[in-house]
There are 2 protein chains.
Amino acid sequence: VRRAEMSAEKNQILGKDKYGLDTPCLLIDIDVLHKNIRAMQESVRGKGKNLRPHAKTHKCSVIAQKQLDAGAVGICTAKLSEAEALVKGGIERILITGPVVLPLKEERLAALIQRCGELILVLDNLEQARLLSTLCEEQGLSVHVLLDIDPGLRRTGVSAEEAPDFARKIMDLAGLNLRGIQAYAGQVQHIASYEERRQRSMEYMHSAEEVFRKLVDEGMELDIFTGAGTGTFDIDTDLEGLTDLQVGSYVFMDAEYRAIGSALEKEAFTLFEPALTMLAAVVSSNQSGFVTVDAGLKSMYRHGGTPIIIYPRDALYSYDWFGDEYGKISFAEKSKSIPPGSMFELVVSHCDPTVNLFDRFYVTKDDRVVDMWNIDLRGKSS
Amino acid sequence: VRRAEMSAEKNQILGKDKYGLDTPCLLIDIDVLHKNIRAMQESVRGKGKNLRPHAKTHKCSVIAQKQLDAGAVGICTAKLSEAEALVKGGIERILITGPVVLPLKEERLAALIQRCGELILVLDNLEQARLLSTLCEEQGLSVHVLLDIDPGLRRTGVSAEEAPDFARKIMDLAGLNLRGIQAYAGQVQHIASYEERRQRSMEYMHSAEEVFRKLVDEGMELDIFTGAGTGTFDIDTDLEGLTDLQVGSYVFMDAEYRAIGSALEKEAFTLFEPALTMLAAVVSSNQSGFVTVDAGLKSMYRHGGTPIIIYPRDALYSYDWFGDEYGKISFAEKSKSIPPGSMFELVVSHCDPTVNLFDRFYVTKDDRVVDMWNIDLRGKSS
């Protein structure tokens, strides 16, 4: 039923002007999306590294496939349920970047190991590693694993000091194929100053790199040292040992990442452009100097800075949340008002959790609707 | 496919201990839910008022039906898409509390007017009223409308001064059946002090009441003056003219509402108890004094105060968000740790947007799973 509904709706809106779409909705400019995918692939490839983009940003198999087609070596997800959805969407090479807890999720995990071409898990707990090994033995499976190393975030991962011993113990467990390490310094990704971000990231990631080198020197055959995010895409590539980058937000960009500096453009982060935007319409205009629009905290996640209004371009506007269902858009001219139905296009504040609030993307080219993509990883938190 | 998947899952988990469910997930204690529904119905009925509960909290037709069965005169939704979902779920008497913008949504609105037994819309703009009248005339429809009056929130609604003239103009428009007024003072609902909340709400709502009286005195046959929220459920009932209350959060309660005082219990808001909780599991425990759990801002909306941990009950814990996918639960004992897979149950900070992050509720009685309900109004922002 859902698929039939979707294709009926798709037929209705193909070719339509995007500013005529029902609101609130999420738009993707396909040319900007492709440009971002290519720009990151080329930048990383130019430094001799691979790309393993994180699907937690786009939550969409169609986009994951585009990243693979452009040369990515695999796709990351945060949760098991996201990986399940990717496999349903035809994606085969998946790294789940967060620990999958056993025995809680053992049935689902065993099914996924069997269905997925190359599934890589991370481990940060020896008892969990033993449970995974037992599961594999009992079901005649084997699975690729990475050691999750904590680069100072203290969220998941073992410390660099404990890591070598932990790795040796994993080597002894049946069914587990240790491929390398993961280190993600989430706490540095949004540091506004490029220089400070570089310094902090290098400091944290060097200890993980030393672990990787030590293990390789001991004779372990490791081929993956994965980490980094959009905020350090042109920093962590300087780590000699790093093999691939788990960048996510570059594909869409958001107000939060736009605000920080990169090596190339230190004032604003503009190598990547906003591919994802939100369309909202005025629902009430009985005040002077501001109107009420139909996108509030239920459709634009209230996190990570202030949304940026990019359409209309002719004046200065600012957005603020106005409850669950509404937003308040204020004008520079205090006497101004515009009627219900007037359209605004915004760069959302934090793209990942905002994408999670919708079921589909309306894909546009030159401001016309050319496609509709299912956000098939939406709501996958388990 | 989805329905079949759901009933297969339902068969698997019926009778299961709730602390064995996969995480993160939303739980409803059915006895507490029924108690909250009855307590509000009786409280309001005791003051000679009706109940028109807001579905924006629970986003679930099954619960809307329970509220109607208990005696509610109708169900409120904020958006057209929520009303569409309720009608699909078999609910007939619906008030959409926010303006539905024309011509943007005219096709969907005309279809809903035809499908829904009693649909009530609100109006705060004369041009929009004219477009609605034209739509009704062209399609041979008629629709119930309320005048939306702004009680100082300045979000939607016309001012009390302009309201009488606006009402007279609506009376002249074909196809529109003016039933009364709506006034929702959202800005006072979470004021912590009961006395201050009472004073502020009365101040704002009295001007709306005067409009209602004036219109009735002019001979208009109006039978609805609707407003109020959970924060003023025992305050706005003192307004003689008020006919029904649009309370929402009482059905679940959340940390935000727990923090405020009511007339009966001035220290904490405890006439209603938490019916909705979240289950989260430890995914990483390599630190002293805190662990990482699998519910972050993607599954527990970061808004409206701090989640409260209610299980386990044996010690002092506190929750904080730890990124999109993770939460950090800290112990009073700084040396304590507990292993991956350990379970926590929490009262979420702001129930409405958190419910919007899930597809289903797991319904429990005496801590055993007895049902699974589809959150069929999830993601309905348009």
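Our subject is the structure that appears above.
Keep in mind it's a predicted model, so treat the numbers as computed, not measured.

**Student:** What am I meant to see in the overall build of chain A here?
**Tutor:** Counting its regular elements, chain A contains 10 helices and 17 strands. Its C-alpha atoms give chain A a radius of gyration of 22 Å, near enough to 21 Å, the size a compact globule of 382 residues would have. Dimensions of chain A, computed from the C-alpha atoms along their principal axes, are close to 70 × 50 × 35 Å. Burial status across chain A gives 62% buried among its 382 residues.

**Student:** What am I meant to see in the sheet that holds strand β2 (residues 50–51) of chain A here?
**Tutor:** Residue and element names in this part refer to chain A. The strand order across the open sheet formed by 8 strands is β2-β9-β8-β7-β6-β5-β4-β3, and the pairing between neighbours is parallel. In this open sheet, the two edge strands, each paired with only one partner strand, are β2 and β3 (75–77). Summarising the sheet, β2 and strand β9 (residues 244–245) pair through 2 bridges and their orientation is parallel. For L51, the partnering residue across the bridge sits in β9 and is L245.

**Student:** Would you mind going over the environment of G327 of chain A with me for this structure?
**Tutor:** All names here are of chain A. Counting through the fold element by element, G327 comes out in strand β14 (residues 327–331). Classification of G327 as buried rests on a relative accessible area of 0%. Placed 51 residues apart in sequence, G327 and L276 show a C-alpha to C-alpha distance of 18 Å. With residues up to four places along the chain from it excluded, the contact list for G327 reads V291, T292, V293, A295, G296, Y319, D320, W321 and F322.

**Student:** Help me understand the interface of chain B and chain A in this model?
**Tutor:** One frequently used descriptor of interface size is the decrease in accessible area upon assembly of the parts. With 67 residues of chain B at the interface, the matching set in chain A holds 67 residues. Viewed at the interface, chain A and chain B are joined by 12 salt bridges. Where K79 of chain A meets E325 of chain B, a salt bridge forms, and the shortest distance between an N and an O atom there is 3.8 Å. Summed over the shared surface of chain B and chain A, the result is 34 residue pairs in polar contact (both at pLDDT 80 or more). Sorting the residues of the side of chain B that touches chain A by element identifies α1 (2–13), α4 (80–88), α5 (106–115), β10 (276–284), β11 (290–293) and α10 (351–355) of chain B as the ones contributing at least two each. Residue composition of the side of chain B that touches chain A, by class: 21 nonpolar, 22 polar and 24 charged.

**Student:** Would you mind going over the environment of V188 of chain A with me for this structure?
**Tutor:** Residues and elements named next belong to chain A. Relative to the helices and strands, V188 resides in the loop between β7 (176–183) and α8 (194–217). As for V188 and R45, which are separated by 143 residues in sequence, their C-alpha atoms are 23 Å apart. With sequence-adjacent residues up to four places away left out, V188 is seen in contact with R197, R200, S201, Y204 and T232.

**Student:** What should I look at first to understand the relation of the copies chain B and chain A in this one?
**Tutor:** Comparison of the two chain copies shows a relationship of rotation about an axis with a shift along it. Once chain B has been moved 0.0 Å along the axis and rotated by 180 degrees, it coincides with chain A to within an RMSD of 0.0 Å. Taken together, the rotation and translation relating the two chain copies correspond to the operation of a two-fold axis. Of the C-alpha atoms belonging to chain B, the one lying closest to the rotation axis is found on L357 of chain B, 3.5 Å away.

Parameters at a glance
- Residues numbered from 1 in each chain as written.
- Chains lettered and ligands numbered in written order.
- Predicted model: local features only at pLDDT ≥ 70, side-chain atom pairs only at ≥ 80, totals over all residues.
- Heavy atoms only, no water.
- Helix = DSSP H or I, 4+ residues; strand = E, 2+ residues; numbered from the N terminus.
- Rg over C-alpha atoms; globule rule 2.2 N^0.38 Å.
- Buried < 20%, exposed > 50% of the residue type's maximum accessible area, 1.4 Å probe, protein only.
- Pairing = 2+ DSSP bridges.
- Contact = heavy atoms within 4.5 Å.
- Salt bridge = Lys/Arg side-chain N within 4 Å of Asp/Glu carboxyl O.
- Polar contact = N/O pair within 3.5 Å; in protein donor to acceptor, adjacent residues only side chain to side chain.
- Nonpolar A, V, L, I, M, F, W, Y, C, P; charged D, E, K, R; others polar.
- Least-squares fit on C-alpha atoms with pLDDT ≥ 70 in both.

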